[in-house]
Amino acid sequence: MKVTKAVIPAAGLGTRMLPATKTVPKEMLPLVDKPVIQYIVEEAVASGIEDILIVTNRAKSAMDDYFDYHPELEHRLEAGGKAREAETSRAVADMANIFYVRQKETKGLGHAIWRAKRFVGDEPFAILLGDDIMYTEQGAPALRQLIDAAEKYECSAIGTREVPDDLIVKYSSLRIEQLEERVFNILDMNEKPTLETKLSNYAIMGRYVLTSSIFDILENTAPGAGGEIQLTDGMRTLLGRERMVAVDFDAKRYDTGNLRGFLEATIDYALRHPDAGEWLRGFILDKAEKLK
Ligand code: G1P
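Residues numbered from 1 in each chain as written. Predicted model: local features only at pLDDT ≥ 70, side-chain atom pairs only at ≥ 80, totals over all residues. Heavy atoms only, no water.

## Thoughts on the sheet that holds strand 6 (residues 125–128)
Phase 1: Across the sheet, nine strands lie side by side as 5-4-1-6-11-8-12-10-9; this open sheet has mixed pairing. Whereas interior strands pair on both sides, the edge strands pair on one side only; in this sheet they are strand 5 (97–102) and strand 9 (172–180). Taken over all neighbouring pairs, the strand axes of this sheet differ in orientation by 35° on average, direction set aside.
Phase 2: Bridge analysis of strand 1 (residues 5–9) against strand 6 gives two bridges, and the strand direction is parallel. Within strand 6, the residue paired with Val7 across the bridge is Ile127.
Phase 3: Docked against the sheet, helix 7 (residues 142–153) engages strand 6, strand 8 (156–162), strand 9, strand 10 (183–191), strand 11 (202–210) and strand 12 (244–247), running at close to 70° with respect to strand 11.
Phase 4: Together, strand 6, strand 8, strand 9, strand 10, strand 11 and strand 12 form the strand contacts of helix 10 (residues 231–239), whose direction differs from that of strand 10 by roughly 125°. (Pairing = 2+ DSSP bridges. Helix = DSSP H or I, 4+ residues; strand = E, 2+ residues; numbered from the N terminus. Axes fitted to C-alpha atoms, helices over the stretch in contact; angles between N-to-C directions. Contact = heavy atoms within 4.5 Å.)

## What about helix 11 (residues 259–272)?
Phase 1: Taking 1.5 Å per residue, 14 residues should reach 20 Å; helix 11 reaches 20 Å between its end C-alpha atoms and fits that length.
Phase 2: Turning to helix 11, its buried residues number three or more, namely Gly261, Phe262, Ala265, Tyr269 and Ala270. Looking straight down helix 11, one finds that the buried residues subtend no more than 155° of arc, so they occupy a single side. In helix 11, the exposed positions that point more than 90 degrees away from the buried face belong to Leu259 and Arg260.
Phase 3: Residues of helix 11 that are buried make contact with strand 2 (30–31), helix 1 (36–46), strand 7 (132–135), strand 13 (252–255) and helix 12 (277–291). (Expected span 1.5 Å × (residues − 1). Buried < 20%, exposed > 50% of the residue type's maximum accessible area, 1.4 Å probe, protein only. Arc of directions from axis to C-beta.)

## Describing the layout of surface pockets
Phase 1: Taken as a whole, the largest pocket encloses approximately 1,100 Å³ of empty space.
Phase 2: Contributing to the lining of the largest pocket are 40 residues, with Arg16, Lys26, Leu129, Asp131 and Lys192 lying nearest its centre.
Phase 3: Looking at the lining of the largest pocket, the elements with two or more residues in it are helix 5 (109–114), strand 11, helix 10 and strand 13.
Phase 4: In terms of residue count, the dominant contributor to the lining of the largest pocket is strand 11 (four residues).
Phase 5: Of the residues contributing to the lining of the largest pocket, the split by class is 15 nonpolar, 14 polar and 11 charged. (1 Å grid on protein atoms, 1.4 Å probe; cavity = no way out; pocket = protein on both sides within 12 Å on 5 of 7 lines; lining within 4 Å. Points joined across faces, edges and corners; volume = space filled by probe spheres on them. Nonpolar A, V, L, I, M, F, W, Y, C, P; charged D, E, K, R; others polar.)

## Some thoughts on the site of the ligand
Phase 1: Around the ligand, the neighbouring residues are Leu109, Leu129, Asp132, Tyr171, Ser172, Glu191, Lys192, Ile204, Met205, Gly206 and Thr232.
Phase 2: The separation between an oxygen atom of the ligand and a polar side-chain atom of Ser172 is 2.8 Å.
Phase 3: Here the ligand loses 78% of its free accessible area of 390 Å² to cover by the protein chains.
Phase 4: Its residues placed into classes, the shell around the ligand shows five nonpolar, three polar and three charged. (Near = heavy atom within 4 Å. Polar contact = N/O pair within 3.5 Å; in protein donor to acceptor, adjacent residues only side chain to side chain. Areas by Shrake-Rupley, 256 points an atom, 1.4 Å probe, with all protein chains shown as cover.)

## A look at the packing of aromatic side chains
Phase 1: Summed over all chains, the structure comprises eight aromatic pairs.
Phase 2: Relative to Phe119, the ring of Phe99 lies with its centre 5.6 Å away and its plane at 50°, an arrangement referred to as tilted. You can see Phe99 sitting in strand 5 and its partner Phe119 sitting in helix 6 (residues 117–120), a full 20 residues away along the chain.
Phase 3: Here Phe99 falls in the partly exposed class, since its relative accessible area comes to 39%.
Phase 4: By relative accessible area, which is 16% here, Phe119 ends up buried.
Phase 5: Considering the side-chain rings of Phe184 and Tyr202, the 5.3 Å spacing of their centres and the 50° angle between planes classify their relative orientation as tilted. Taken as a pair, Phe184 in strand 10 and Tyr202 in strand 11 lie far apart in primary sequence, 18 residues in all. (Phe/Tyr/Trp six-rings, centres within 6.5 Å; stacked < 30°, edge-to-face > 60°.)

Here's what the structure looks like:
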């Protein structure tokens, strides 16, 4: 099994980060000096992905422009002796083959993924949710860890993480049995469980490698939690037909779709930034002293 295609659903309305996301797509909010979506694309590319489909909507054209050349800007930078900056701008457009499709109606994650059917064809493919940024200091990126498990067990693999009760009800839950360190057989799953219906505290977490059988299933999946067509409901049907494993990947996860997660990611990435990290550390220590 070789996974070279990925889908990034980015057609959400971004209601948790208003008013910033009223006219700027939430995927384009800057995390230090790069938009959130760039971290996602970088993880995909570092995991061996060559072709990426971004599922957008009519309010997200800033994303298409971002992954394109900007000749006027780049020529001007070069003429002004700023070749390095011009190269930085161009490199963004050359990271991967990026394709776009629009989700014409906001009908849920399962519906957004279904829009990738023609792009994916018959191959296994990856999904990366745009809100979840996964940081790995060293070792394989989060998605690569999933692809490795999918290749080893020759089946779909989805990311998981143990979360507390207040989060499990906002995400999804899995019933699992351990296969090896960090890898589990999936026995069942549900979306937006209650504390009574949760299957465990292991939630599905932002990264997936799925076989293309999911598309015909999604086409026939009725709306579920929140009145939306849920990917989890489609995957539950897939599980009745094919084996699936879950991978508790080794990475730090940031949920940039909410304010606290976004702030945490901003501070951590700024502290790691080669030009700003040292300065920020001093600034924070000084601030903490004054706040005492
Ligand atoms: C989505 C998925 C859910 C998953 C969560 C975190 O939910 O539907 O299964 O657990 O992301 O990755 P959302 O946060 O879009 O409501």
